[in-house]
Amino acid sequence: MPVKDMAREAAFAAIRAARNDVMRVCRELYINADGSGSDDSPANRLMSFLADHGFEVESGIAGLQNAFRASRRNHDTDAMRKGLRHGHVAYLVRSGSDIQQEQLDGNPLGLATVLGAAIGLGASLGDEFGAVTVIGFPDDAALVAFARAGVFDEFDAVFGARPATTGEGYCYTIDGTGDTLAARTATITLSGDRTSLIEAITSQVDTSAPATAVEVVSTAGDTVDLTLTGTTSVDLRAMTENVQRLIDETPGASVTFGDARDDSIVNRILARRVKTYADTLGYKMDKIRKTDPEPATGWGSVSYAVPTFLFNFPFTTADVTRGTAAFATVTSASESFDRALQFAEPLCMAGLDTLRDMQFRSIADDQLVKTLAKRGIGRAHRRWLGVHPVIKDSDANGKTGKNGKKGPKMSDFRVVRGPGMSDN
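Figured I'd write up the structure that's included with this text. (Residues numbered from 1 in each chain as written. Predicted model: local features only at pLDDT ≥ 70, side-chain atom pairs only at ≥ 80, totals over all residues. Heavy atoms only, no water.)

1. Some points on the side chain of serine 301
Keep this limit in mind: Helix and strand definitions follow DSSP, with helices as H or I runs of at least four residues and strands as E runs of at least two, each counted in order from the N terminus. The criterion used for residue contact is that any of the two residues' heavy atoms lie within 4.5 Å.
Here serine 301 lies in helix α11 (residues 299–305). If we skip the residues at most four places from it in the chain, serine 301 touches Val144, Ala147, Ala260, Arg261 and Asp262.

2. Let's talk about helix α13 (residues 334–356)
What counts, and what does not: Here the expected span of a helix is defined as 1.5 Å times the quantity of residues minus one. Summary of the burial criterion: residues with accessible area below 20% of their type's maximum are buried, those above 50% are exposed, and those between are partly exposed, where the area comes from a 1.4 Å probe applied to protein chains only.
A rise of 1.5 Å per residue sets the reference length of α13, with its 23 residues, at 33 Å; its end C-alpha atoms lie 34 Å apart and thus fit the reference within 8%. Counting buried residues along α13, 18 of its 23 residues qualify, which places the element largely inside the surrounding structure.

3. Structural notes on the environment of serine 301
Under the relative-accessibility criterion, serine 301 is labelled buried at 5%. Sequence separation of serine 301 and phenylalanine 146 is 155 residues, and the distance between their C-alpha atoms is 8.8 Å.

4. Describing helix α9 (residues 233–248)
Formally: Our arc is simply the arc of the directions from the helix axis toward the C-beta atoms.
The end-to-end C-alpha distance of α9 is 22 Å, a good match for the 22 Å that 16 residues give at a rise of 1.5 Å each. Turning to α9, its buried residues number three or more, namely Ser233, Leu236, Met239, Thr240, Val243, Leu246 and Ile247. Down the axis, α9 shows its buried residues gathered within 145° of arc, on one side only. The outward face of α9, more than 90 degrees from its buried face, is lined by the exposed residues Glu241 and Asp248. The inward-facing, buried residues of α9 abut β6 (182–189), α8 (195–202), β7 (213–220), β8 (223–230), β9 (254–257) and α11.

5. As for the sheet that holds β9
Filter applied, for reference: Two strands pair if DSSP finds at least two bridges between them. To get an axis, a line is fitted to the C-alpha atoms, and for a helix only the part in contact is used. The angle between two axes follows their N-to-C directions and goes from 0 to 180 degrees.
Taken in spatial order, the four strands make up an open sheet running β7-β8-β6-β9, and their pairing is antiparallel. Both edges of this open sheet fall to β7 and β9, since each of them pairs with a single strand only. Neighbouring strand axes in the sheet, compared pairwise and without regard to direction, differ in orientation by 25° on average. Two strands pair when backbone bridges link them, and β6 and β8 are joined in this way by eight bridges, in the antiparallel orientation. Paired with threonine 189 across the bridge in β8 is threonine 223. Strand contacts of α8: β6, β7 and β8, with the helix running at about 155° to β7, the strand carrying the most contacts. Against the sheet, α9 touches β6, β7, β8 and β9, its axis set at about 150° to β8.

See the structure below:
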């Protein structure tokens with residue numbers, strides 16, 4: 001059997017073998033939960049579960065409670081010494097302790113899909129080189145903090161999954177589908193009448209971009225809490241600068257801004273690869289249609305750091321909407337878990353392609369670089385091949401190379417090529 005087929009077979013076998021274990025931990029955490037103490041928190045339970053499946057676990061990443069990372073890797077150390085960097089894929093799981101909210105969002109199913117995919121990709125590393133990491137985050141604010149701390153910088157792709165509102169379980173292939181807005185909070189402190197200042201701030205809204213808005217959330221004493229919302233992070237930056245300018249022009253006024261949650265950049269290349277595998281396996285999704293952007297989430301900040309795809313998968317024919325009690329009820333059904341674990345397979349296969357196909361992950365990375373450039377953000381392309389100088393022994397005078405010049409010549413450099421790449 002070819003090595004690539006062995007890796008796929010190992011992944012499929014691992015996902016199916018772990019089915020009962022995955023269903024059990026998801027149910028125990030978020031469906032049959034008894035509200036036990038912090039020692040038995042979802043994060044701790046998930047870390048223990050992943051450790052039992054061969055992952056090395058680290059808790060409290062970025063200094064956040066209930067945040068963790070769990071990794072499996074298989075590295076060709078000889079190739080790495082010569083300059084090769086293997087691919088690294090991350091899967092994100094929410095490890096929040098608000099049981100009711102997790103149920104309303106359908107997190108038990110999303111968790112099952114991601115755990116299955118990560119376990120499968122980990123099993124494939126017996127035949128493939130690379131690394132897979134599961135990142136546990138307690139809430140969206142943690143994702144923003146992770147992005148600011150550079151937690152995602154080492155990854156070549158990040159995947160997540162969640163059950164979709166009925167009719168919206170599809171992979172994204174057109175602009176404006178599956179996107180989220182950009183947003184940040186602002187707290188203004190101002191004594192006396194603030195009506196004119198608020199009117200001046202809200203007048204900064206770009207009426208040509210309907211999704212752009214300034215919302216007064218609350219007023220108490222001398223403070224006003226606002227939410228700034230933009231179609232893209234470019235809009236959000238402009239709004240932030242305008243608010244700051246107006247505050248600077250108002251005697252006695254000050255403003256404190258919260259962390260920005262960027263708009264999502266759906267990596268279409270990753271999405272299409274997941275769709276291709278789902279179609280091949282016969283796991284059909286809903287018909288693609290253009291939708292309005294959703295409110296800002298922490299996933300937007302992730303997508304600015306690394307090629308990202310949050311997979312919304314269909315799981316039922318019942319008419320249910322995420323965030324409702326009916327949605328929570330349907331997501332707890334055994335057949336819904338069966339569907340969730342089916343979609344773990346294409347999510348795993350897309351991760352496997354990311355690890356072993358340098359050209360594929362280069363295309364995904366290039367798409368992100370170009371999208372960021374349109375937003376005025378410069379980001380260098382990732383590199384997986386190293387070019388290393390081979391410096392010859394120097395003579396007694398410390399000189400090397402032809403004509404006694406110091407340092408290596410072009411002929412002294414060697415390009416180390418990755419698996420499957422020709423020497424041409």
